[in-house]
Amino acid sequence: MKRIGVFVCWCGSNIAETVDVKKVVEVIKKYPGVAHAEDYIFVCSNPGQKLVQETIKEKRLDSLVIACCSPTLHETTFRDLSRLTGLNPYQCEIANIREQCSWVHKDNKEEATRKAIKIIRTIVEKANQNESLEPISTPVTRQALVIGGGIAGIQASLDIANAGYEVLLVERNPSIGGHMIQLSETFPTLDCSQCILTPKMVEVSRHPKIRVLAYSEVQEISGYVGNFNVKILKKPRYVIEDKCNLCGKCVDVCPVAAPSEFDNNLAARKAIYLPFPQAIPATYTIDIEHCPGFLPIACGKCADVCEPQAIDFDMRPEIIEEKVGAIVVATGYDLYSPKNIGEYGNGKYEDVMDGMQFERLLSATGPTGGEVRRLSDNKVPKRVVFVSCVGSRDTEHHLPYCSKICCMYMAKHAMLYKHKVPDGEAIVFYIDTRAGGKGYEEFVTRTQEEDKVIYIRGKASKIFKNGNGKLIVWGADTLLGKQVEVECDMVVLSMAMVPSNGAKDLISKLKIPSDAYGFVNEAHPKLRPVESISAGFYLAGCTQAPKDIPETVAQASGAASKVTDLFAEEELKHEPIVAAVDEDLCSGCGICVPLCPYDARELEIKDEKRIAKVNEILCEGCGSCISACPSAAVQQRNFKDNQIFKMVDAILS
């Protein structure tokens, strides 16, 4: 039998206030296999760890049980300590007597103490049969895949590339830039978004370590952290990038107009188009949905005038296969559609627009050259109503979460409107103003005091047109306690932020977890905010949750630092607590193969017998295969059946 040492942590008052720690130690001292037991106020502190190290050596301990908080917090701490002391780290176990005991039995100290003793007994039994394991090693492919070419993807790509590693930047649209390039100005400094983003876009396009695959989509991903196999669909532009000189003659002769995605359908573009002047890659793209020149060629005017002969109607989709070691998911956001808001007209009123459309009206590169004009009659609106929280914070009908940036971009819109139309009137309907950022509260105050924007605390209940064609906004002023009716020329809706279109399908391909709304889940909301639960995947920007530009850039750099940290080692270490197959017992039935959520199992022929094979690097020890195996041929290391039975006996004894 092993010599097991047990250390019971007070965790300040977290445990000691509910559990009689001294009594626990006295009882555990007498348990079979326990060579030493004692308590300490904070075992995770430096003095506490020093005490554990000295005791391991002095008492010649073979195994260690730390009775404290969740293993999520400090299992790594004590396993590293064990390694430094010469004890195999997998001979160290955590008995969770905080979250699973003291925190749920605060009103019954006697019951909590009894339960703590049972929990520690079970872990002692497990530790007594633990094997000494060594991490599994695998080589690392030092190339990163960044999915999404907005500011998050751009920043992550630059940080990884500047650290000396290769980057594949995949963007589904014809140009990188994302939504930030569509903005007129950014709060709270009112910088021109194109002025601050374009240099980064150019840097990405010229960086020797970055390969930009625009107008491309990730089709398939297999493999595991350090060694992912990726298939990328490169869609045909029907324009040869290296030959196109941006002369624009093709656009001049194109007879077909289509709605401009960059201008949020407020203006038209041709069937062959450059998304915006600073587009990267700087080349035209043919929109085959609107171009009449295909199957068979019915037009071909663009090809006729193209002197460099850059038009190629025979281009076909191309599948690019690459190996990467890490993946940064930076798929961005879209705005909740006004068509979902029945009380505001379901998007049927031309002069009721969302925030991104208003951005394009404000922008000097927009359809009106920066002048604020009504879409219905091209007149300058003299009274504009801005409505906050449209689709957000609505638990009954829409989305319960706060979209975080709407209050700020609404204040910016109202301020910029007043700058463009000084004699105009801006009225804001708001529920609460949430301005949580550096300079944000001051920005909102400036909007109200200097630009004379009227803020009405209350939700707009309905928007409709009267007989004169004017827009009417019904709402409430909760500060005055009365109903409000406002006649106006234009309404701008601060729509909720939602995951970008297509993100749900992509996340399904990546096999990473997301929440009920489609945002990707982080491994830990406080301690691991840029990592996915699935190893090798990192999150940046609004793919995780709504956030503003500074927070997006910070998270992108955080994700990049995790990637460079991963690439710093020549080999990756993987937890050895995986499900192993006893080949003598395996019948080769294959039940376990489709059940594995990590694709870690396959059938192979060995000595003319079918058996299940485990890819230990992919296996995460979830146990699905163990529960399904009819032959009991699968056992998880350090969680074997005999260990579990012993633990159950310890609880029941």
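Please refer to the structure placed before this passage.
Residues numbered from 1 in each chain as written. Predicted model: local features only at pLDDT ≥ 70, side-chain atom pairs only at ≥ 80, totals over all residues. Heavy atoms only, no water.

Chemist: Can you walk me through the packing of helix 4 (residues 109–128) against helix 16 (residues 641–652) in this structure?
Modeler: Geometrically, a packed helix pair is captured by the angle between its two axes and the distance between the axes. Interhelical geometry of helix 4 versus helix 16 gives an angle of 155° and a closest axis separation of 8 Å. Relative to helix 16, helix 4 is oriented roughly antiparallel. Like other packed secondary-structure pairs, helix 4 and helix 16 cross with a definite hand, here right-handed. On the side of helix 4, the interface is formed by Lys118, Arg121, Thr122, Ile123, Glu125 and Lys126, while helix 16 contributes Gln643, Lys646, Met647, Ala650 and Ile651. Along the lines of polarity and charge, the residues of the contact of helix 4 with helix 16 split into four nonpolar, two polar and five charged. (Axes fitted to C-alpha atoms, helices over the stretch in contact; angles between N-to-C directions. Helix = DSSP H or I, 4+ residues; strand = E, 2+ residues; numbered from the N terminus. Parallel < 35°, antiparallel > 145°, perpendicular 65-115°, else oblique. Left-handed = near helix turned anticlockwise from the far one by under 90°. Contact = heavy atoms within 4.5 Å. Nonpolar A, V, L, I, M, F, W, Y, C, P; charged D, E, K, R; others polar.)

Chemist: Explain a negative patch on the surface to me, please; I cannot follow it from the model alone.
Modeler: A cluster of acidic side chains, namely Asp565, Glu569, Glu570 and Glu571, defines a negative patch on the protein surface. Position of glutamate 570 relative to the elements: it lies in the loop between helix 13 (549–567) and strand 30 (571–574). (Patch = residues over 30% accessible without salt bridge, like charges linked within 9 Å, V, L, I, M, F, W, Y side chains within 5 Å. Areas by Shrake-Rupley, 256 points an atom, 1.4 Å probe, with all protein chains shown as cover. Salt bridge = Lys/Arg side-chain N within 4 Å of Asp/Glu carboxyl O. Lys, Arg positive; Asp, Glu negative; His and termini not counted. Charge placed at Lys NZ, Arg CZ, Asp CG, Glu CD.)

Chemist: Explanation requested: the environment of leucine 585 in the structure shown.
Modeler: Residue placement: leucine 585 occurs in the loop between strand 31 (579–581) and helix 14 (592–595). Placed 46 residues apart in sequence, leucine 585 and serine 631 show a C-alpha to C-alpha distance of 6.3 Å. In contact with leucine 585, other than residues within four places in its own chain, are Ser631, Ala632 and Ala633.

Chemist: It is not clear to me how the side chain of threonine 141 should be interpreted in this structure. Could you clarify?
Modeler: Looking at where threonine 141 falls in the secondary structure, it is placed in the loop between strand 5 (136–139) and strand 6 (143–147). You can call threonine 141 buried: its relative accessible area is 18%. Among residues more than four places away in sequence, those in contact with threonine 141 are Gly226, Asn227, Lys323, Val324, Gly325 and Phe567. (Buried < 20%, exposed > 50% of the residue type's maximum accessible area, 1.4 Å probe, protein only.)

Chemist: What am I meant to see in the packing of aromatic side chains here?
Modeler: Each aromatic ring pair is characterised by the separation of its centres together with the angle its planes make. Tallying each qualifying case throughout the model produces 10 aromatic pairs. Ring centres 5.7 Å apart and planes at 75° place the aromatic pair phenylalanine 358 and phenylalanine 386 in the edge-to-face group. Linking phenylalanine 358 in helix 9 (residues 355–362) with phenylalanine 386 in strand 21 (residues 383–390), this pair joins segments that are 28 residues apart in sequence. As far as burial versus exposure is concerned, phenylalanine 358 and phenylalanine 386 are alike and both buried. One aromatic cluster in this structure is built from Phe358, Phe386 and Tyr417. The positively charged end of lysine 235 is found above the aromatic ring belonging to tyrosine 215, 4.6 Å away from the centroid. Over the ring of phenylalanine 464 we find lysine 462, and its NZ or CZ is 5.5 Å from the ring centre. (Phe/Tyr/Trp six-rings, centres within 6.5 Å; stacked < 30°, edge-to-face > 60°. Lys NZ or Arg CZ within 6 Å of the ring centre and 35° of its normal.)

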